Every structure is written in C-alpha cells, then in structure tokens.
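# Coordinate inspection notes
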Amino acid sequence: MHRPSPPPRPQACPQPCSDGTRRAEKPASRCISAERTATRAAPAPLLIALLLTAACVAAGNPAHAQTTNAAPLPISAAGARADLSEPRMKDIAMQLVSSAENSSLDWRAQYQYIEDIDDGRGYTAGIVGFCSGTGDMLMVVEDYTRRSPGNPLAKYLPALRKLYGSDSHAGLDPHFTSDWRKAAQDPAFRQSQDALRDSVYFNPAVQQAKQDGLRALGQFIYYDAMVMHGPGPDSSSFGGIRKKALRKAKPPALGGNEVDYLNAFLDARVAAMKTEEAHSDTSRVDTAQRVFLRKGNLDLQLPLQWKVYGDSFRIDAADGNPPPPAPPPQQGVDADGVQMLFPSATKGTTRRLGNQDPNTTRTIYLEKKQKAWPETAGVLRYWNTESYPLNYASGGSGWTMRLHLLAKEGEQYYTWKNQKGYLGSSADFKNQEFTVYLRVHQLLDAERAQLQMKIRGGSHSSGRPDAASTVMMTLGPAGGSRVARFAKELTHPDYDYVKLTPKFDASLTENSWIGLKFVSWNDPTSRLRVVNRLYLDTTPFDADGRPRNQWRLFSEYIDVEGQSTGKYSKLVRWAGPLSTLRVDGYQRIDFALPSVREILPPAP
C-alpha cells in the first residue's frame, strides 16, 4: 500500500490535485501562488495561472536560453508528422491519460465528478481534480461565472474565496455537490474546465515539447508528466524531471536522438515517481509510453494498444470529436450483465472477476490459497470451493471460506485509529457497490452459519488487531439471530453487531442461489453519516444462467459519528484495501460474478 506523502512544501507554481480513487496520483503538494490568492477578484485568473506556469517551466529549464526565443521548428527539423494540439490527436492524449487516471477512455465523464476524498483539500472535482481548498476550483467557477453569470455555482464564490488552504465545506454544503453535477451539463462550465486544464497543463507541456523538437509521443509524455507532477521546478515536478533528463541526453532541438532523449526523460520520471508511494506504480510509463517508444511510434499512429495497472486498452480511430462510448449490452448493467444500482465513479478502483481464474489472480483470491473449481450452468460460469477448518480468534473452532477483492497490492500503513481517509492507499475502496452471487451446501455448524460482506477494512491478525478497521452486513439462515445484521470490527476480533429489521422475508438457504449487493456511501451532505445497504436478488438467474436483476433493498444501517454500536462510536467513512465475502458453517460454497465498483454517492 502507499506510504503517506511527505508534508506539503511551499511551491511557486500550481500543482495538480488528482482525485483519490483508483489512480489517485496526488503530488506531495499543491498550491495557487500568493500572487493568485491576493488577486482573487482579478478579471483574468486563467491568464495569471498561464503566466505562473510559464514561469515555472522556465525555472526548471537549463536550456531555456537556447530554446525559448527560437522560432518554431519546421516539421522537417522536428521530424514531426503529427501535432498533439490537433483536435484528433488531443482527444487521443485525453484518452491515454484517462486510462491511467480513471481506468476508462471516456475522459469527458469527469466533468461531473465531485467528492471529498479526505486528503485535506476539501472537495475534489472535474476533469483534472480541481480542489476547493487550493484555489483552482475557485478559478474555474470564476471563469464560469464570467461566461454565464446566472449559473448554479455563482452563489458559492464567497465561500470558495474563504476556503483557500482549508478542507472545510463551510458555505458549500448541502447542495454544492448536486449543483456541480448540474453545472456539468452546461457547455459553458465544461469550457471553463477545459480552459484551466489547457492553460496550466496541456498548452505548456506541448509548447515545451515542440521547443525541444519532439513529435506527438514526446508531446504526450510531457503532458502526462505535467498532469501527474505539476509544472514546478523542483525535482519531483515536470521542470526538475526535464532538467535531470537533459543531463543524460540531448533533445532533437539540440542535435540529440529523440528516442534516446525520451528514454532519459522516462527514466527521470520513473525515479521521481518512486520517491513517493502515491506514484510508485509506474505502469503508465512501463506498459504504455515505453511500449509506444520501443515500437518507434513517435507520431502516435493508430491503432494504439497498451496496459495500465494490468488493464488493457486500445484506440483504433479518432476524429477529434468522437461519439460517446457504446452503451453496455443493456442499460445499467456491467460486462457480466449484472445491474449496476448506482453510477460508477469516473475515478475509482474497480475489481471484477469476469473471465479470470481466482486461483491465479492476485487481486481476487481465496484465503489460505484454497482451490476453486470452475463449473457452468447454461451461460453462467461459477466456482466451487471447500471451506477450511480454523480456530476462531474470538474462541471456538469451525469452518470458513473467505474471498478477498483487493484494491491494490502492497502494505497497509494505517488503522482506524490513525487512518488518512484510507488505510493502505488512495486507491482503496470507499463508496462502493460490492456484488456476489452465492450458493451454500452441507450445513456443518448451525450455531455459526452465516455470510458476511466486509468492506472498508484491512488485514485481520492478532499481531496488529487495529488493522481490521471494517464494517459488514450479514445474512443468516432462517429462524436465527443472524438473518440481518450490521457490524463493526475495528479491532480484531472485537465485533459489535446491530440487529436489523429486514424489509422482506429472505435468508441464507442451502442449495439455493442468492445475489447480494452491499452498497455503502458517505453522505455527500454530511461528514457525520454513512449509508450502508444490503440488496438481495432471491431468484437471481433465468433458465439460461443469465442474471435476472430483480434486486430489492433487504436491510439498511445509517452509521453516525458518535452513535455507539456497543464497543465503538467511531464513524467508518474511510476507504479500505479489502472487500471480503466470508461464509461460515458450510462444507461447500459456490460463488459467481464477484465485483466491487467505486460509485458516485446519490444526490441528496
């Protein structure tokens, strides 16, 4: 898991604020300069940002005197046949970045994104993660208000001006998030987001790349680095990375070899990424940009095929104004045909077994390396496994099975007592829809028989008991006390159970399939509430083995800060690296189509 970022250090330049879900590559620091904050009412904040950015890039450029004042290179001198600023090429660049930031090529879906990711920057929103506590969200809303004075966000300008340097929501709640999503439907608002993205990140990166004589791939490599690291001159920002690369190789504008120089730049960037745990996964370089470079595709000619974080992507065509992505086979269903009850977050970690084998996957796996055997029923592919005997940490012995869905491999650094909005990394699961289909066979232990869906938590061990930090919803056999419960296990193995009243009759029944969805989200209007719901589909498959998607709300628990469940009164609103299905008391278990998705909290 990610180590915490180092403390913020003063910067002279704006830094990016990526949101904190799946790709969550936040820099160590970020600011809008003192000049900017002193002139919040100035008529042209985007111009100020552009000037600041130009100064930042220049500060980190040892060859600046040789390149800044030079006329643009002729195409033959630069060797370029494609320019990233061309509409079709710019769209390709946006898709490439989005594959790493959002696990999707649909970068336009980010306009409406907004969430407090508990990173000390207040709300994070929009296509590059504008933040209410850092000043650039204010700049976007100011620009939007000049374009459209009567917009739904204009009334928040006084509050946004007061929130610089704060993570407070004062003056924004309860309707700011819904108003942001409403504004995202307005072309003028999207234009304002585009304008800030271009002035601070895209245009400076492409301009510098052209001055260095780089073609489309090099221009994109600069832009992606600018988005992640910011345009500042320090060693972990774009200017410092470029400066280090220039010590190793010359760019084409200075007579060097383009491939050699780009390899030097990527080497310097990877080194900078590895200085911060939040950047330590370098696959966006290793299995994407270096793939294009090794193939000699310096013009980013299509088709493009690459991987990021193990996910595969491909672009076959781009026309500068591509149509929206094709809808799923059925409205509101995932690739398995399972209904998605809540919309997916545009940035966030997703885990879906799909056609993978749980015996070999590293992020969806059975505890104790238990073996799972594939089975089919019509078009349904499912897995059968055996429970294993254990001595419970809480006392006694029995039989259990645990299926884990892991957000990201690595260490867990925090517990519920010192969490930073997450336990392992900003890629952890937070607001989520956790789905699995289950069938149990051969009751062994009626006293312990139940299933638990555990979320937001981490590892369970006697050596580090506070690392558990989890909440859960349960379903048990009919007639028992475990049919419907909510529970906390912040310290292992100390459980608090709260008995819930089911909305309809259902239970865990031998030899019968049941679909389960544990949905949990932080209330967007209050930091003091989290909504936890268990949905069931009691006749989940049709005769051909396809999901019927007849989901009904079975039980609900509203977790409130200070409201005791017995041992604990701590509100569980952080993100955790593990979502776990646990089944106790049965010999054999069938499971199918497990998945976890980061979701957008519903509007109030």
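Further up the page is the structure itself.
Cut-off values and rules
- Residues numbered from 1 in each chain as written.
- Predicted model: local features only at pLDDT ≥ 70, side-chain atom pairs only at ≥ 80, totals over all residues.
- Heavy atoms only, no water.
- Helix = DSSP H or I, 4+ residues; strand = E, 2+ residues; numbered from the N terminus.
- Contact = heavy atoms within 4.5 Å.
- Areas by Shrake-Rupley, 256 points an atom, 1.4 Å probe, with all protein chains shown as cover.
- Axes fitted to C-alpha atoms, helices over the stretch in contact; angles between N-to-C directions.
- Parallel < 35°, antiparallel > 145°, perpendicular 65-115°, else oblique.
- Left-handed = near helix turned anticlockwise from the far one by under 90°.
- Nonpolar A, V, L, I, M, F, W, Y, C, P; charged D, E, K, R; others polar.

## Some thoughts on the overall build of the chain
Each helix and strand counted, the chain has 13 helices and 21 strands in total. When contacts within the chain are restricted to residue pairs at least 6 apart in sequence, those whose partners lie at least 24 apart make up 69%. Of the roughly 23,200 Å² that the chain leaves accessible, carbon and sulfur atoms contribute 51%.

## Overview of unusual backbone geometry
Residues D173 and P174 are joined by a peptide bond in cis, for which omega reads 10°. Along the chain, P174 turns up in the loop between α7 (157–162) and α8 (176–183). Omega for the peptide link from L302 to P303 comes to 0°, which places this bond in the cis form. By secondary structure assignment, the location of P303 is in the loop between α13 (283–294) and β4 (304–308). Notably, K369 is not glycine yet its phi reads approximately 55°, a positive angle. As for its position among the elements, K369 is in the loop between β7 (364–366) and β8 (372–377). Although it is not a glycine, L593 sits at a positive phi angle of roughly 55°. Here L593 lies in strand β21 (residues 586–598).

## Remarks on the environment of P251
If you trace the backbone, P251 turns up in the loop between α11 (238–248) and α12 (258–273). A C-alpha to C-alpha distance of 5.4 Å links P251 and Y261, two positions ten residues apart in sequence. Not counting residues up to four positions away in its chain, the partners in contact with P251 are D212, L246, G256 and Y261.

## Description of the packing of α11 against α12
Contact geometry of α11 with α12 gives a least axis separation of 8 Å together with a crossing angle of 130°. Our classification of the angle between α11 and α12 gives oblique. You can see that α11 and α12 cross each other, and the crossing is right-handed. Taking contact as the criterion, the partners of F238, I241, R242, K244, A245, L246 and K248 in α11 are, on α12, Y261, A264, F265, A268, R269, A271 and A272. Of the residues that constitute the contact of α11 with α12, the class distribution is ten nonpolar, no polar and four charged.

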